[in-house]
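Descriptive analysis of the structure
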Amino acid sequence: MAQAIHNWQADQKADLNEPQPKQKYSSSFRVLSGYMLEHKKTFAAFIICTLIAISGELLQPYLLKLAIDDHLMVGKTDFRSLLLIGGLYLILSVTSLLFTYFQNNLLQKAGQSIVASIRKRLFDHISKLSMSYFDRVPSGSLITHVSSDTEAINQFFHQVVLSIVRDGFTLIFILVMMFQLDVTLTLYSLILLPIIAVIAIAFRSYMRKTYQLARTRLSRLVAFTAENLAGMPLIQVFYQQKEQSRQFSEKNESYFKANLREIRTNVLFNRTFEVLNNLAIAFIVWFGGRAVLDTDLAFGVLYAFITYIRLFFQPINTITQQWNTLQSANVAIQRIWNLLSIEPEVQDAPQTKKLPAQIRGEVEFRNVTFAYKEGEPVIKKLDLHIQAGQMIGVVGTTGAGKSSLISLLCRFYDVQKGTVTIDGISIKELPQAQLHRVVGLVQQEPYLFTGSVLDNVRLFDQTITREQVIEACRFIGADLVIERMPDGYDSRLSEKGSGLSAGERQLISFARILVFQPRILILDEATANLDSQTEQLINRALDYVSKGRTTIVIAHRLSTIIGADQIIVMSKGEIVEQGTHEQLLKQNGYYKEMTDYSQGKAQPIAMS
Ligand SMILES: Nc1ncnc2c1ncn2[C@@H]1O[C@H](COP(=O)(O)OP(=O)(O)OP(=O)(O)O)[C@@H](O)[C@H]1O
């Protein structure tokens, strides 16, 4: 738990791209190298293509040197050789072009498949995490992991790896060619290297700061915009657009300034490099030119040398600029691996038991104690026995523990003490996959996915036929609503329900239950949002689906549960009253008070 909280805190910081504690590059890249090994053949082919492409490009100045020194300067009129050199030059250009294309394709193929498999692993891992994790970590942070962090790894491949391999080999190749052409001239040129290093190091830390500042401010701007969109109805109803606009302008302006600073630094760095490059060329022209005049150096050598010096600076510049990408990839990998190392708190037991094919649906809570936070139990030593096929109503004031009780039956959380059993088997011993087929839940706020009505009812499960969905919707009375939609069962819905009322959304989620046929049905205040006509529809359907099925209904409207086999009244995590509607009325306790209040006969109750 402590580790999870620590990770979460790290995530929170990371969300704003705040400067991170120093991350170990070695561990990050060890992790990536495991993935790279799976594509070792593609990476080997990428390196070979890079070498061929670089050779094609860097042999061109050498060919020109041969043309100048061996033919033009000596006045040979050997046109065939010149033609051959021209042809070779052309072949080298085309080869370089072709292999650069292959090299890019291969790297993209390997890099993208690594990123795709990391993204898939992340998604699968997040889907397995327990509810307690989602309670702590905001979904925005998880979206960042799946989108921006994997994108940072993608950039690592197509920028950093490409630059290190291509520019690294280019530098080595150029140095070899320069030494081969003229050792003295090369050694003189290398005097510039320490100066380049000093400038690169000085700029590197400044460039890193400006980059981080721009990213932090962008994250703040995006977070503010997202929050603003989510709270739009509230902003409009309280007429806070002006204040929001002022805050947005402030954040926008500060991002704009940080962005400008980053661009200015980059331009300054690039231009400084260009000046150095030109200085080096001027030096070679002066020094080498004198050697040519003194006939100590061939003109072709000087020409090739100047070309190589010009090419020498570009890879150094590109490699230096990979620092930021390398750093964000490192942070992204650490964040992703922190998340992947989190174990779900709710896990299948090593030895699971199976429910018999004929599940009866008897539920028992035996001496159950549960707390979200240590030392603050919200369910206390609770005992409850629900016979198979019974309908049970759960009532109680806000915060009494009703939803927590059903979360335990769904095994969203594990109990700290006691056991929850179905047909006498502890739910901890059941495979979660089986448990979730047995227990069905309709929540107060029905969630709709982006997709057709059909897919929303069958939750994208293709084994459920269109006919089954239509039958369920017809039964629940949702068919009238759906048939009014432009494309009927193929109409597209979205998270917010695309113009469906809360009641209509609930009808669709009820149809889901009919389609999936769980043995134990839980309705968490599911009828709270319905108008009386829709509620009647639902109640009628509910009577049908609950027949022979264990049904637990948490209801604020007592009318829904009057006919229940037993009703429990909860207060502060305990059952304070239990019995049928009539028995409870006779007890003249909380339930009676609640009934009177719901009928307007009494003041709101305060359970203690
Ligand atoms: N995910 C959570 N993390 C921490 N505490 C929680 C969480 N969910 C609920 N609680 C706390 O547990 C207690 C019981 O909440 P629960 O939602 O089970 O009550 P409820 O009876 O269903 O209330 P309501 O009728 O308002 O939905 C409350 O004090 C609540 O603040």
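Residues numbered from 1 in each chain as written. Predicted model: local features only at pLDDT ≥ 70, side-chain atom pairs only at ≥ 80, totals over all residues.

Per an unreviewed UniProt entry, the protein chain goes by ABC transporter ATP-binding protein and derives from Paenibacillus septentrionalis. Under Subcellular location (unreviewed entry), UniProt gives the following word-for-word description of the protein chain: "Cell membrane". (UniProt positions renumbered as here; feature names shortened; annotations may be inferred.)

Section: the overall build of the protein chain
For the protein chain, the count of helices and strands is 21 helices and 12 strands. Computed over C-alpha atoms, the radius of gyration of the protein chain comes to 35 Å, more than 25% over the 25 Å expected from 2.2 N^0.38 for 608 residues, which places it beyond the range of a compact globule. Taking the principal axes of the C-alpha coordinates as reference, the protein chain spans close to 120 × 50 × 50 Å. For the protein chain, the proportion of its 608 residues judged to be buried stands at 29%. Partitioning the contacts of the protein chain with sequence separation of at least 6, the portion at a separation of at least 24 is 78%. (Helix = DSSP H or I, 4+ residues; strand = E, 2+ residues; numbered from the N terminus. Rg over C-alpha atoms; globule rule 2.2 N^0.38 Å. Buried ≥ 20, exposed ≤ 12 C-beta atoms within 10 Å, placed from the backbone. Contact = placed C-beta atoms within 7 Å.)

Topic: the pairing of strand β1 (residues 363-373)
Across 7 bridges, the pairing between β1 and strand β2 (residues 376-386) is antiparallel. Bridging from a neighbouring strand, E364 pairs with H385 of β2. Here β1 folds back onto β2 in antiparallel fashion, the turn holding 2 residues, of which G375 has a positive phi close to 85°. Both β1 and strand β4 (residues 417-422) contribute to a ladder of 5 bridges, which runs antiparallel. Within β4, the position partnered with V363 by the bridge is I422. (Pairing = 2+ DSSP bridges.)

What to know about the packing of helix α4 (residues 79-128) against helix α12 (residues 323-340)
In contact at an axis separation of 10 Å, α4 and α12 are set at 35° when each is read in the N-to-C sense. Taken as a pair, α4 and α12 cross one another with a handedness that is left-handed. Residues I118, R121, L122 and H125 of α4 lie in contact with α12, whose contacting residues are I336, L339 and L340. Among the residues making up the contact of α4 with α12, the classes are represented as 5 nonpolar, 1 polar and 1 charged. (Axes fitted to C-alpha atoms, helices over the stretch in contact; angles between N-to-C directions. Left-handed = near helix turned anticlockwise from the far one by under 90°. Nonpolar A, V, L, I, M, F, W, Y, C, P; charged D, E, K, R; others polar.)

Description of the sheet that holds strand β9 (residues 520-524)
Across the sheet, 6 strands lie side by side as β6-β9-β10-β3-β11-β12; this open sheet has mixed pairing. What marks the edges here is a single partner per strand, and that holds for β6 (439-442) and β12 (574-579). With direction set aside, neighbouring strand axes in the sheet form an average angle of 20°. With 4 bridges connecting them, β6 and β9 associate as parallel partners. Across the sheet, the residue bridging to L441 is I522, located in β9.

With respect to the pairing of strand β3 (residues 391-396)
Where burial is concerned, most of β3 is hidden: 6 out of the 6 residues are buried. Both β3 and strand β10 (residues 550-554) contribute to a ladder of 4 bridges, which runs parallel. Across the sheet, G393 pairs through a bridge with V553, a residue of β10. With 5 bridges joining them, β3 and strand β11 (residues 566-571) adopt parallel strand pairing.

Thoughts on the nonpolar core
Core analysis: the largest hydrophobic core is formed by 64 residues, its most contacted members being V394, V457, A511 and V553. Top element by residues in this core is helix α18 (residues 502-516). It accounts for 7 residues. Excluding residues that lie within four positions of it along the chain, V457 makes contacts with V469, A472, C473, I508, A511, R512 and V515. Among the nonpolar cores identified, the runner-up in size contains 38 residues, and I114, L185, A280 and A332 belong to it. (Core = buried A, V, L, I, M, F, W, Y, C linked by C-beta atoms within 7 Å.)

As for the site of the ligand
In the vicinity of the ligand, the contacting residues are D135, Y372, V378, G396, T398, G399, A400, G401, K402, S403 and S404. Counting residues per element, the shell around the ligand draws most heavily on helix α13 (residues 402-409), which supplies 3 residues. Split by residue class, the shell around the ligand holds 3 nonpolar, 6 polar and 2 charged. (Near = placed C-beta within 6 Å.)

Thoughts on helix α10 (residues 241-293)
An ideal rise of 1.5 Å per residue puts 78 Å on 53 residues; α10 measures up with 75 Å between its terminal C-alpha atoms. Among all positions in α10, only Y255, F269, F273, N277, A280, I284 and G288 are buried. With its phi angle positive at about 55°, T295 sits one or two positions after the end of α10. (Expected span 1.5 Å × (residues − 1).)

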